[in-house]
Each structure stands twice: as C-alpha cells, then as structure tokens.
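# Architecture at a glance
Spelled out from the first residue to the last, the chains are:
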Amino acid sequence: MEDKEIDGKSYSQTDYLAQIGFQAQPGDIYYMNPPKELSTYPVYIDNPKKMDKKPVGQYIGYTMDGSDLTEPVPRRYSDFFSLYEKLLQRWPGIYIPRVPPKKIIGNMNPDMIKTRMRLLNRFLLNLSNINYLYQSEESSIFRNNIPEVANAINKLPELSLGEILSRMKEAFPEYNGSYDINTGKVKINEFDGFLKKCEKTINDFQNNVETAREKRDIDIKQYIELIKNFSNYEKDNMMYYADNNENALIFFNPTYNNLSEKILKLKQEMINPFLALRDWLQEDILDVEAMQIAIKQLNTLIETKGKLQAKLRDLDQNLTKGQQGQLNIFKIKTLFKKKEEVVAQYDRDKEITQQKINDIEEIIKIVGDNMENQIEIFKGDKTKNYYKYLKIFAIMQREANRVVRELWNLVKGALDDISPNHEKEDDKGYEENYGQNQIHENVENLENQEHAEYTEGNAENNEENAENAENNEGNVENNEESPENNEEPPENNEENVENNEEQVDNNEEQNENNIEEEQSPQGGEEENQE
C-alpha cells in the first residue's frame, strides 16, 4: 500500500512488521496494520481521510472493502460504535469483540488515526471469525451500502427474551441443557476476579511501555541527529583539513556509496521495538474488557431472573389476598371489571412472568456454557498472543541493533581503507584491548600480576626484617663478649642501648604491618585498584 496524505503529512500504511518481514497470515485475528494481502480478508477498512461534518467539524472517514462486499462502502468510527452497542444489546452475556473506546480530544492526531484504524480492523476480523455474530442482522446491515448506516442499526428494536433465546439456540445448537448455573457462577466470578487483577497489571505495564517508547523515540531522533552532526563536521571541518579532498571523508566519501545509502535509510530502518509492546497491550486490555462486559451482562441476567421470581411470588400473594378481600387494589379493579376478569388477568400475568423466568433461565444456561468455553479460548489466545508479540519485540530489538551495527561496520571498513598501515595495527591493538571479553581478561591478568608483585614485595620485606633481627642479636653478643666496651663513658653506652631499642621497635612494627597486609589480600587489591 502506498503512503497516504493527511493534512500534507505522509501517513504510512506499511506497519513495522513489514519492515522486519513478519507478515500476518489469513485467519490470524491478531494482525497489525493491513498487509498487502488484505483484499483476501472478508472485510477491512483503509484510506483514512478527513471529512467535513455538517453543520460544523470534521471526522475521519474510511473505505470499507473485502471479499464479502460487492462494492466499497464509506464508514466512520460512529458506525462501528453503533454496531458494537447493538450487538451488546441483542446478544446479552455473549463475548463481543471490543471496539476502541471513544476519544473526544486528539482523534485527528496521525498516530491516533493509525492506532484506531488498526484496532477497528482487528474488531472486523475478530467479528468475521465468530460466525453467529458476523451473520447476524446487525452485522449484515453494517456491511450493506446504505446511507446513514448508524441510524439504520440504532433503529433495530430490542428483542424479547423469547427472541433472544431463539437466536441463541440457533447459534449454539450443540448446547444440551446440562449447565449448572450455581456451579458455573462460582467459576465465572473467580475468573472475573482474576480479570480485575489482570487489568491492573496491564495498565501498569502500559504506563511503563509508553514511557519507554517515548524515550526510545527521543533516543532514535538524537541518534539520527548525531549522524547529521558527523556529516556536518565532515562538510564544514574535514573538507578544510583535507584541502577539499573528498576521498579523506568517511560519511560523504563518493567511494562508499553503500554507506551513503545506509545513512539515507537510517531514519526508516531505526524502528522502535516498544511499538510492538504498546500495540499488544492495547489489544490485550480491549480483550479483557470484552470478557468483563460479558460477565457483567451474565450477572445482570441472573439478577433479572431473581426479580422475575420475586414478581411471580407477589402475583401469587396478591391474587390470594384479593380473592379473600384483603387487597385494596384488587377491590378497585373489580369496580371496573368483573372479579373473574381480574382473576384471569392475574393468571395471565403469572403465566407471562413464568415464561420469562423459563426463557431467561435457558438463556443463562446457554450463555454460562458459552462463557466457560470462551474462557478457555481466551486463555489460549492470550498465551499465543504473548508469545507472538514477545517474538516480534525480540526481532525488532535485534533488527534495531543490526541497523546500528551495519552502519558502524561500514564506517569501520571505510576507516580501514583510508587509515595508514601503522594506524591499522593500532586499531587492531585497540580492538584486542577494548573488546568486551578481552577487557575482562586484561583486568583479571592485571589483578593477578599486581597480587603477585605485592606478595613478592612482602617476602622481600620479611627477609630484610630477618636480617635486621640477626644484626640485633649480633650486637647483643658483641656487647656481652667485650666487657671493656662497657667501660666506655656512660653516655656512649646509653646511646647504644637507645639505638638498639629503637631498631628493635622498628623491626617489630614492620613485621606486624607485613602480617596484617598478608592476612588482608582484599584490602591490598582494593588499594592496587585505586
């Protein structure tokens, strides 16, 4: 698909999956923006355009087309919302795929337009995979080329309980009536409790992903600006340094056309991986909400049944009291009608109420049985979707790294061609010293070498201390063997004694320091590192 123009701005219909070669397959309800093969899908929308709204304002109009349509038809968001609301009303308690929520402010933003169209297409494809909804009266009107389709859908009348039961029996012919309402209610409410926790987890996840996405967008823009800075430096500075010799350039060297092409494509190739997580969580929260709405409607049906049963009890009591002359309203009615007619009216009301109870009980059983099946489908789809988007995210992360790596490999290759031989040797040594594995190895070798030198120095100090100790012992022996020396003047003897004592103290202090340092190798290593 070609790029579209909205307010003069290019609006790409090619999603990021196409950039990484991840194509949606027919029947896959979790696809991104419409692929080129979208014409094979039953129904889809495309070509978003700003349309004037009478009397004032604007809206985004789409062209709806597909293999199930005889001709393209115009559609807008309000048409989708009317269809969704009517499906909820006429299929109570049944899982209805969720349309994106209304947005009053910012719905003309290009990113918002793209996101809404993706989610509306997902709604259509989800709907086409649920046959009883897709073939329903509501959906058939939506696909027809009629003016003011939203009004036509809104005019569809509400269905009675009997009509709802009839269409559900037709939609679920496999149901055998064995569903236990009380047991099923416990299971479904437990799942509803899980969904509330799940919703909070997704919302927290969304906030973090949105922050990361915005930051990565800024990083990508800054990175592209960085490349522009390199380019400007070459044009403004390097051309002067190299005396206008283009062969001395890197980014603008005419010899390296592949590098120039890579720079030109850099903006298109640098994709933001967090876009995938954002889209996944947007879809995930819509599915959770759809399940919550279906469960809420089922509980409403159960409450309605309880109210009908209470009404039936009241009718019984009122009829009994009226016939006994204990009910004023009964007396008033008999003033205008015969007593037999009033009693007959009560009996008809009781019969109608009982029929409603019977119908709604059957509806609850069918809906509850379908709900339990839908829960298993939901769990399987969520697991599949998690793996799919995690894979997409991993691929996009890898592709983002590949784009940067390829660029700098080309730059490195150009530098190798331009640099003199001796500079290439320097580069080789630089790579050996600053490669990630080599850095760790060099640090480890350096630490081992420093520790060995430190240990050797301690040994030398110990030998020196031992020699000093032997000298001291020799001095003592000399003093004992030469008594005549003791006859020297007292001041000389006292000086010798003081010198000897000072030397012994120094030796003992040195020995203690050596012992402490040997017992604390980590401290020595930290000092060496410092």
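Residues numbered from 1 in each chain as written. Predicted model: local features only at pLDDT ≥ 70, side-chain atom pairs only at ≥ 80, totals over all residues. Heavy atoms only, no water.

### Digging into the packing of aromatic side chains
Inspection of the entire model under this criterion finds 16 aromatic pairs. Relative to Phe172, the ring of Tyr132 lies with its centre 4.8 Å away and its plane at 65°, an arrangement referred to as edge-to-face. Of this pair, Tyr132 sits in helix 4 (residues 131-134) while Phe172 sits in the loop between helix 7 (161-171) and helix 8 (181-241), and the two are 40 residues apart along the sequence. The burial state of Tyr132 is the same as that of Phe172; both residues are buried. On the numbers, 5.5 Å between centres and 25° between planes, the contact of Phe230 with Phe251 is stacked. In this pair, Phe230 is assigned in helix 8 and Phe251 in the loop between helix 8 and helix 9 (257-269), connecting sequence segments 21 residues apart. The partly exposed category is assigned to Phe230, whose relative accessible area is 36%. (Phe/Tyr/Trp six-rings, centres within 6.5 Å; stacked < 30°, edge-to-face > 60°. Helix = DSSP H or I, 4+ residues; strand = E, 2+ residues; numbered from the N terminus. Buried < 20%, exposed > 50% of the residue type's maximum accessible area, 1.4 Å probe, protein only.)

### Let's talk about the pattern of salt bridges
Enumeration over the complete set of coordinates arrives at 23 salt bridges. For the salt bridge of Glu225 with Lys228, the shortest nitrogen-to-oxygen distance reads 3.4 Å. One end of the pair is Glu225 and the other is Lys228, both in helix 8 and three residues apart, which spans about a single turn. One salt bridge connects Lys350 with Asp316, and the closest N-O pair in it is separated by 2.5 Å. With a gap of 34 residues between them, Lys350 in helix 12 (residues 339-418) and Asp316 in helix 10 (residues 274-323) connect regions that are remote in the sequence. The structure contains a network of salt bridges with shared partners spanning Asp111, Arg118, Arg122, Arg278, Asp279, Glu283, Asp284, Asp287 and Lys382. (Salt bridge = Lys/Arg side-chain N within 4 Å of Asp/Glu carboxyl O.)

### Topic: the sheet that holds strand 4 (residues 58-65)
The antiparallel open sheet is built from three strands, whose spatial order is 3-4-5. Every other strand in the sheet has two partners, leaving strand 3 (44-52) and strand 5 (73-76) as the edge strands with one partner each. Between one strand and the next, the sheet's axes are offset by a mean angle of 35°, whatever the strand orientation. In terms of strand pairing, strand 3 meets strand 4 through seven bridges, oriented antiparallel. Note that in strand 4 the partner of Asp46 across the bridge is Thr63. (Pairing = 2+ DSSP bridges. Axes fitted to C-alpha atoms, helices over the stretch in contact; angles between N-to-C directions.)

### Description of the confidence of the model for the protein chain
Scored by pLDDT, the protein chain comes out at a mean of 78, with 69% of its residues at no less than 70. Mean pLDDT values over the elements of the protein chain span from 34, in strand 2 (residues 9-11), up to 97, in helix 2 (residues 77-90). For residues 515-530, every residue scores under 50 in pLDDT, and the model assigns this stretch ten contacts once sequence neighbours within four places are set aside. (pLDDT = per-residue confidence, 0-100. Contact = heavy atoms within 4.5 Å.)

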